[in-house]
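Inside the fold
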Amino acid sequence: MNKIRICHLYGNLLNTYGDIGNVMALAYEARKNGYVVETEIISIGDKFDSSKYDFVFFGGGQDYEQRIVQADLLEKKDQLQKFIENSGVFLAICGGYQLLGQYYFDAYNKKIDGLNIFNHYTENQENANRFTGQIEIKDAITGSVYQGFENHGGVTFLSKDQKPFGIVIEGNGNNGIDKTEGFRYKNTIGTYLHGPLLARNENLCKELVNITIKNKSNN
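Residues numbered from 1 in each chain as written. Predicted model: local features only at pLDDT ≥ 70, side-chain atom pairs only at ≥ 80, totals over all residues. Heavy atoms only, no water.

In this section: the UniProt feature "binding site: substrate" (unreviewed entry) in the chain. As annotated by UniProt and renumbered to match this structure, "binding site: substrate" (unreviewed entry) occupies Arg130. The residue arginine 130 is located in the loop between strand E7 (121–124) and strand E8 (131–139) in this model. Judged by its relative accessible area of 47%, arginine 130 is partly exposed. Ignoring sequence-local partners within four residues, the contact set of arginine 130 consists of Tyr17, Gln125, Asn151, His152 and Gly153. (UniProt positions renumbered as here; feature names shortened; annotations may be inferred. Helix = DSSP H or I, 4+ residues; strand = E, 2+ residues; numbered from the N terminus. Buried < 20%, exposed > 50% of the residue type's maximum accessible area, 1.4 Å probe, protein only. Contact = heavy atoms within 4.5 Å.)

Below you can see the structure in the form of structure tokens.
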């Protein structure tokens with residue numbers, strides 16, 4: 001039986017802006033390709049096994065929930081990093097994106113350490129400003145165009161060795177300065193695009209499903 005296994009990290013805690021729609025969109029596209037889909041929420045105290053899943057989704061939430069998650073995440077770091085390095089398909093939105101990096105600051109300007117798997121970091125905007133509104137980006141690798149909705153008070157800066165997910169056509173992106181949006185490493189994408197991203201952008205959803213299927217055929 002052809003099966004795709006989806007892990008929704010902290011799906012019971014981090015589901016701001018209905019980003020569970022990314023899981024639903026990917027599952028729908030996978031079923032169209034003839035696959036049975038199993039989705040599992042891995043949350044506080046649960047073990048994450050990198051060999052068990054084909055696709056991982058990591059969304060964002062309010063500061064309170066993200067602080068709770070942050071402590072538990074450290075227990076899962078090694079297996080998450082292994083999944084990423086083994087080219088597993090991983091989509092991180094907003095808070096999930098920030099937590100994969102060095103650190104971010106919450107609404108009370110308290111520094112929250114991330115997993116430090118990647119070297120990006122997130123500072124707060126001055127005067128509690130936020131980037132909100134529609135955003136359009138061009139994929140830095142494929143040239144495809146994606147639309148979404150951004151709503152974030154943090155400004156994220158990539159390290160010199162990180163490649164952006166996209167280049168901003170309209171909107172603010174990572175920081176409103178350098179025209180980058182998100183990052184991409186192997187088959188991991190971090191981004192601020194809500195929408196949900198995969199539900200709004202069928203081209204990207206199909207791409208990630210195709211990569212997932214290719215990964216399975218190579219194993």
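There's more to say after this.
This paragraph deals with the packing of aromatic side chains. How two aromatic rings sit relative to each other is set out by the distance from centre to centre and by the angle between their planes. Summed over all chains, the structure comprises 12 aromatic pairs. With a centroid separation of 6.1 Å and an interplanar angle of 45 degrees, the aromatic rings of tyrosine 10 and phenylalanine 58 are classed as tilted. Taken together, the residues span a long stretch of sequence, with tyrosine 10 in the loop between strand E1 (3–9) and helix H1 (21–32) and phenylalanine 58 in strand E3 (residues 55–58) at a distance of 48 residues. With a relative accessible area of 0%, phenylalanine 58 lands in the buried category. Ring centres 5.5 Å apart and planes at 70 degrees place the aromatic pair phenylalanine 118 and tyrosine 185 in the edge-to-face group. Of this pair, phenylalanine 118 sits in the loop between strand E6 (111–113) and E7 while tyrosine 185 is found in strand E13 (residues 183–185), placing the two residues 67 residues apart along the sequence. Using a relative accessible area of 7% as the deciding quantity, one classes phenylalanine 118 as buried. Residue classification places tyrosine 185 among the partly exposed positions, given a relative accessible area of 29%. Grouping aromatic residues by their ring pairs yields a cluster made of Tyr97, Phe118, Phe183, Tyr185 and Tyr192. The ring of tyrosine 103 carries lysine 111 above its face, with NZ or CZ at 4.4 Å from the centroid. (Phe/Tyr/Trp six-rings, centres within 6.5 Å; stacked < 30°, edge-to-face > 60°. Lys NZ or Arg CZ within 6 Å of the ring centre and 35° of its normal.)

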